[in-house]
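For reference, the chains in residue letters:
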Amino acid sequence: IYFYLELSCVSLQHMMKWPFQIQFVEDKQEFSRFPTKTGRRSLSRSISQSSTDSYSSAASYTDSSDDETSPREKTQLNSKGTGDFCVKNIKQAEFGRREIEIAEQDMSALISLRKRAQGEKPLAGAKIVGCTHITAQTAVLIETLVALGAQCRWTACNIYSTQNEVAAALSEIGVAVFAWKGESEDDFWWCIDKCVNMEGWQPNMILDDGGDLTHWVYKKYPNVFKKIRGIVEESVTGVHRLYQLSKAGKLCVPAMNVNDSVTKQKFDNLYCCRESILDGLKRTTDVMFGGKQVVVCGYGEVGKGCTAALKAMGSIVYVTEIDPICALQAWVCAGAFRLVFPSGLLGNKSVVTRDQLDRMKNGSIVCNMGHSNTEIDVASLRTPELTWERVRSQVDHVIWPDGKRVILLAEGRLLNLSCSTVPTFVLSITATTQALALIELYNAPEGRYKQDVYLLPKKMDEYVASLHLPTFDAHLTELSEEQAKYLGLNKNGPFKPNYYRYKCPSHIPFKGHPNGSVMHPPQPQNELSMATSSKAFNDIKFIHFTNIFM
C-alpha cells in the first residue's frame, strides 16, 4: 500500500489587499507584493551550497563548519585502533554515547528483549547489513542486535538524517558505520557499497528502510543476494520494491514486510507523524498554525496523523483523496473543511510538478514527510532562471524572476528526521518489531518461509505491544477458560483475526503465512493524490507537501 501525503498551509495574507502604504515622519515606504533582494548569489553557488552543506540534526552537537573535509578523505581510528568505518568525526563518540543513553530510557521494551535473549544469542552467526536512519534510537537497536550475537555493518538510508555523534559512538564500539549527515548522492551509494563489499565478510541478513540496500545487493552482488537468509523491510517504498521482485519471480530469498504490521502502521505512521510534523515545521520555519489553511493530500495513516495535529493547532484543513473510503473518513471522522478532488492521478513520482510550483503563492513552504525524494519535482527547480538561497540548516529559498519565494525544506527529503526528531517511544516499537523479525527469519527452519514476502505473525505483533505496556504501568485483563472457549480463542492470543484492521487502512488478502492466513497487499494501493485542481493551488499561499514512505 502506498500512502502519499501533501500538506499545505495557506497564510491569510492573500486575503488582504496589497500593496498598502505606511506613512513615516520623513519618508514614505510602500510594501511591494514580493520582497526584492539585491546581490543574490549565482545559481551555481547557491545550488552547490544547498546540496553539499552537511548539517547536523536538531539533537546534534556537531556542525558542518567544524570541518568541511569529506569523511572519505580522512583516515580515522577508534580507541581500539581499528578504522573500518567512515563517519564525520570519531572524536564525537562521547557525545553520541550520551544521546544513546538518553534514548535507552524510553526504549525499555527493546532493552527488556535484549536482556531476555542475550543469554541464548539467537543471532549468533548472523551477519547483518543495515540501511536505516542512523539516530540514537537506531543505535539502541544495533547494539541490541550485537548483544544477541550478530555482526553488523551499517549505512544511512537518508543523506540528511544521520546524527554524526551517534555514528561516531557506534564506530567506537566496533560497529562498521559508513554514514554522515549531508552526504552527496555519490557518497550515499559509496557508503552502501562499503558496507556490502568487505573482504572476508559476507552478509546473510538485510535490514532495510527504503529498499536501496536490497536493490544494490540484488543488482551489484547477485551471488551474495542469493545467499541472504532473510530481508526485513520497514518502509512502503521498500515493500513495494520487494513485491515487484516477487511478482517478477526474481525474489530468491524470504522477506518480512514490517511496514504493514499493526504496531508499525498504527504507532510509527500515525502517532509518530502526528507529533513530528509540527516539530519539523516549527524548528525550520517558526510558523504559527492557527488560522492557516492546510491541504492534506492523501488520508492514509500519516495523513491522518498530520491532519489531526494541524487541526488541533487551529488550522483549517483541506483533504484530497483518490480513494473514496479514505475520502469519506476524512469528511466524517476528521471533519475536513473541504474535499478537493484531483483532476489526475499520480503515483510516487512527480506528485508535485514544476507547473504547480510555479503557481504557488509567495512564501509557500514545500516539504516532504515521506521516505523518497521523488514526489516533489526538485530537479525542475535547478534551472538558470531560479535562484537558490540557503536560509538556515535544511531551509532554502527558491526565488522566481518576479521575486516570488518558495521555501523548500530538506531539499524535498524526509522532514521529521532531516529537520527534527521523532518520539523515542515510537521508534522503540518499530525497532523491537525489526529485531523480532530478524530473529524469526534467521532461526526459521528450512522450508518455513519460501521466496516471498510475509507479514509479521499476529502473535509477534501482540508480543511487541505487550513489552511496551509496563512503561505505563498497564496490566492486561486475562480471559477465563470459559470466555476463551466462547470466543474460540487461545487465552494467550492471538486475540484478533488476521483481517481485523485496528482502524488501519485495509489490506488485500494475498498469500498465507506458515502459521495461518495473513494478508499481503499484492501491489501498492495508492491512497494519495495530488491537488491538481487550479482552485486548490491558486488559493494556496503557504504549502507544505508530504508523502509517506515509513
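Residues numbered from 1 in each chain as written. Predicted model: local features only at pLDDT ≥ 70, side-chain atom pairs only at ≥ 80, totals over all residues. Heavy atoms only, no water.

A. Broad picture of helix H11 (residues 301-312). Across its twelve residues, H11 extends 17 Å between first and last C-alpha, which sits within 8% of the 16 Å expected from 1.5 Å per residue. Regarding H11, the residues found buried are Glu301, Val302, Gly303, Lys304, Gly305, Cys306, Thr307, Ala309 and Leu310. Following H11 by one or two positions, glycine 314 has its phi on the positive side, about 95°. (Helix = DSSP H or I, 4+ residues; strand = E, 2+ residues; numbered from the N terminus. Expected span 1.5 Å × (residues − 1). Buried < 20%, exposed > 50% of the residue type's maximum accessible area, 1.4 Å probe, protein only.)

B. How the structure looks around the pairing of strand S7 (residues 205-208). Of the two faces of S7, the one lined by Met205 and Leu207 and the one lined by Ile206 and Asp208 are each fully buried. The pairing of strand S4 (residues 127-132) with S7 spans four bridges and is parallel. Counted as the bridge partner of cysteine 131 is aspartate 208 from S7. As paired strands, S7 and strand S8 (residues 230-233) are joined by four bridges and run parallel to one another. Across the sheet, residue isoleucine 206 finds its bridge partner in S8, namely isoleucine 231. (Pairing = 2+ DSSP bridges.)

C. Highlighting the sheet that holds strand S6 (residues 176-178). With parallel pairing, seven strands are arranged side by side in an open sheet as S6-S5-S4-S7-S8-S9-S17. In this open sheet, the two edge strands, each paired with only one partner strand, are S6 and strand S17 (453-455). Shown here is a sheet whose adjacent strand axes are inclined to one another by a mean of 20°, direction ignored. With three bridges connecting them, S8 and strand S9 (residues 255-257) associate as parallel partners. (Axes fitted to C-alpha atoms, helices over the stretch in contact; angles between N-to-C directions.)

D. Main features of the pairing of S8. Every second residue of S8 is oriented toward a common face, with Gly230 and Val232 on one face and Ile231 and Glu233 on the other, all of them buried. Between S8 and its parallel partner S9, the chain crosses via helix H9 (residues 236-247), and the hand of that crossover is right-handed. (Right-handed = clockwise from strand over helix to strand, strands pointing away.)

E. Structural detail: the pattern of salt bridges. On inspection of all chains with the given rule, the structure shows 18 salt bridges. One salt bridge connects arginine 382 with glutamate 411, and the closest N-O pair in it is separated by 3.2 Å. Separated by 29 residues along the polypeptide, arginine 382 in the loop between strand S13 (364-366) and strand S14 (387-392) and glutamate 411 in the loop between strand S16 (405-409) and helix H14 (415-419) bring together distant segments of the chain. When its relative accessible area of 11% is taken as the criterion, glutamate 411 is described as buried. (Salt bridge = Lys/Arg side-chain N within 4 Å of Asp/Glu carboxyl O.)

F. Structural view of the state of the cysteines. This model, assessed by the stated rule, comprises zero disulfides. Sulfur of cysteine 191: no disulfide; nearest cysteine sulfur belongs to cysteine 86 and is 5.9 Å away. (Disulfide = S-S within 2.5 Å.)

G. Spatial organisation of the sheet that holds strand S15 (residues 395-399). The strand order across the open sheet built from four strands is S13-S16-S15-S14, with neighbouring strands paired in mixed fashion. The open sheet is flanked by S13 and S14, the only strands paired with a single partner. Taken pair by pair, the neighbouring strands of this sheet meet at an average axis angle of 30°, ignoring direction. Sheet analysis places S13 next to S16, joined by three bridges and oriented parallel. Paired with valine 366 across the bridge in S16 is leucine 408.

H. Broad picture of the packing of aromatic side chains. Scanning the entire structure with this criterion turns up eight aromatic pairs. Measuring from centroid to centroid gives 5.3 Å for tryptophan 189 and tryptophan 216, while their planes differ by 20°, and the two rings are stacked. Here tryptophan 189, found in helix H6 (residues 185-196), pairs with tryptophan 216, found in helix H7 (residues 212-220); they are 27 residues apart in sequence, far enough to count as distant. When the ring centre of tryptophan 216 is taken as reference, the NZ or CZ atom of lysine 220 above it lies at 5.3 Å. The ring of tyrosine 442 has arginine 229 lying over it, and the distance from NZ or CZ to the ring centre is 4.2 Å. (Phe/Tyr/Trp six-rings, centres within 6.5 Å; stacked < 30°, edge-to-face > 60°. Lys NZ or Arg CZ within 6 Å of the ring centre and 35° of its normal.)

I. Focus on helix H2 (residues 93-105). End to end, H2 covers 19 Å across 13 residues, agreeing with the expected 18 Å (1.5 Å per residue, within 8%). Against the buried residues of H2 lie helix H4 (136-147), helix H5 (164-172) and helix H15 (424-443). (Contact = heavy atoms within 4.5 Å.)

J. Looking closely at the packing of helix H10 (residues 262-285) against H11. Orientation of H10 relative to H11, taken along the N-to-C sense of each, is 35°, at an axis distance of 7 Å. In the packing of H10 onto H11, the handedness of the crossing is right-handed. Here Gln265, Lys266, Asn269, Leu270, Cys273, Arg274, Ile277 and Leu278 of H10 come into contact with H11, specifically with Glu301, Val302, Lys304, Gly305, Cys306, Ala308, Ala309 and Leu310. (Left-handed = near helix turned anticlockwise from the far one by under 90°.)

K. Representation of the nonpolar core within the structure. If you look at the biggest cluster of nonpolar residues, it comprises 55 residues, and the most contacted ones within it are Leu123, Ile128, Ile134, Leu145, Trp154, Val177 and Met256. At the level of secondary structure, the elements contributing two or more residues to this core comprise H2, helix H3 (108-117), H4, strand S5 (151-156), H5, S7, H15 and helix H16 (458-468). The element contributing the most residues to this core is H15, with ten residues. When near neighbours in sequence (up to four residues on either side) are disregarded, isoleucine 128 contacts Leu123, Leu145, Ala150, Gln151, Cys152, Arg153, Trp154, Trp201, Met205, Leu207 and Leu438. (Core = buried A, V, L, I, M, F, W, Y, C linked by side-chain atoms within 4.5 Å.)

L. Spotlight on the environment of glutamate 120. By secondary structure assignment, the location of glutamate 120 is in the loop between H3 and S4. C-alpha separation for the pair glutamate 120 and glycine 149, spaced 29 residues apart in sequence, amounts to 8.8 Å.

M. Expanded view of unusual backbone geometry. Cis geometry marks the peptide bond from glycine 493 to proline 494, where omega comes out at 0°. Looking at the element boundaries, proline 494 is found in the loop between helix H17 (481-487) and strand S18 (509-513). One non-glycine residue, lysine 121, lies in the positive phi region at around 50°. Not every positive phi belongs to a glycine, and aspartate 286 is a case in point at roughly 55°.

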